[in-house]
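Topology and contacts: notes
Listed below, chain by chain, are the residues.
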Amino acid sequence: VVGVASWLSQDLVFDALSRTSVPAPSSQRAGGSVVGAMRQGIFGSSVSATYARAVFTGSDDTFRSGDAVPYAPTVVVRDDTFVVAPVGKIEGSRVVGRFGVGLQGAFGATLPGGGPEIPAMYVDALAAASWRAFELSLNGMNLLDRRYYDAEYVYSSNFQKNMTLPAPSAHVLVAPPTSVFLTLKVRLGGPSPTIQQDE
């Protein structure tokens, strides 16, 4: 368990129009992080959660003291649970299976102007089998097919033949849909030390 706090005399905020981080007023951050890990036999799990409140302590033409720092999530959580175990033998060599599920989420971010950013949460999974110098794996991403935003920025855009820019609005990059990848990996130079010991 770790508590954190920071004070910046000048912050930086990403600007979508210039695609760079631009100077912002002074700010402070306060929060904490909790991390836990467990391993028992073939099972293992790692869990982490972070809370941070980031606000400006100074003002300029864009931000005011007390405003939330844009794009900084308040809560980030991550959980990885896995199983590693032998599942059989082929030609006298063990086949080692790896199975894992990962969950990650980010919540509570604020957009420039004070609007809330859409929370992001997704689940990934992996199933793999290793034999000698070979590993075959099946990797699934965003298995719940969550339609979250991979990125969300606020700026003015004009797609009309008009010299007047509209008010700034949110523009998003949509995260990839559910994806499944099958991969065959070959280790040059022989089997991994772990599998070699099991043979």
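Reference entry: report on the structure contained in this document. (Residues numbered from 1 in each chain as written. Predicted model: local features only at pLDDT ≥ 70, side-chain atom pairs only at ≥ 80, totals over all residues. Heavy atoms only, no water.)

Quick look at unusual backbone geometry
Here is the rule: Whether a residue is buried, partly exposed or exposed follows from its accessible area with a 1.4 Å probe, protein chains only, as a fraction of its type maximum: under 20%, in between, or over 50%, in that order. Think of it this way: any DSSP run of H or I at least four residues long counts as a helix, any run of E at least two long counts as a strand, and we number them from the N terminus.
The phi angle at Tyr71 is positive, at roughly 70°, despite the residue not being glycine. Accessibility expressed as a relative area gives 19% for Tyr71, which makes it buried. Non-glycine residue Asn142 carries a positive phi angle of around 50°. Among the secondary structure elements, Asn142 is positioned in the loop between strand 9 (134–141) and strand 10 (149–155). On the basis of relative accessible area, Asn142 is assigned to the buried category, the value being 4%.

Regarding the environment of Phe43
To keep things clear, this is the line we draw: In this analysis, two residues are considered to be in contact whenever any of their non-hydrogen atoms come within 4.5 Å of each other.
Turning to its location among the elements, Phe43 is positioned in strand 5 (residues 43–56). Exposure remark for Phe43: the relative accessible area of 48% places this residue in the partly exposed category. When near neighbours in sequence (up to four residues on either side) are disregarded, Phe43 contacts Met38, Phe82 and Val83.

A short note on the packing of aromatic side chains
The condition that has to hold: The pairing test for Phe, Tyr and Trp rings, Trp by its six-membered ring, is centres within 6.5 Å, and the orientation test on the planes gives stacked under 30 degrees, edge-to-face over 60, and tilted for anything in between.
Tallied over the full model, the rule gives 4 aromatic pairs. Measuring from ring centre to ring centre gives 5.0 Å for Phe14 and Tyr153, while their planes differ by 45°; the resulting arrangement is tilted. Taken as a pair, Phe14 in strand 2 (residues 11–15) and Tyr153 in strand 10 lie far apart in primary sequence, 139 residues in all. Tyr153 gets classed as partly exposed once you look at its relative accessible area, which sits at 27%. An aromatic cluster is present here, built from Phe14, Tyr71 and Tyr153 joined pairwise through their rings.

No statement about biological role is implied by the geometric values presented.
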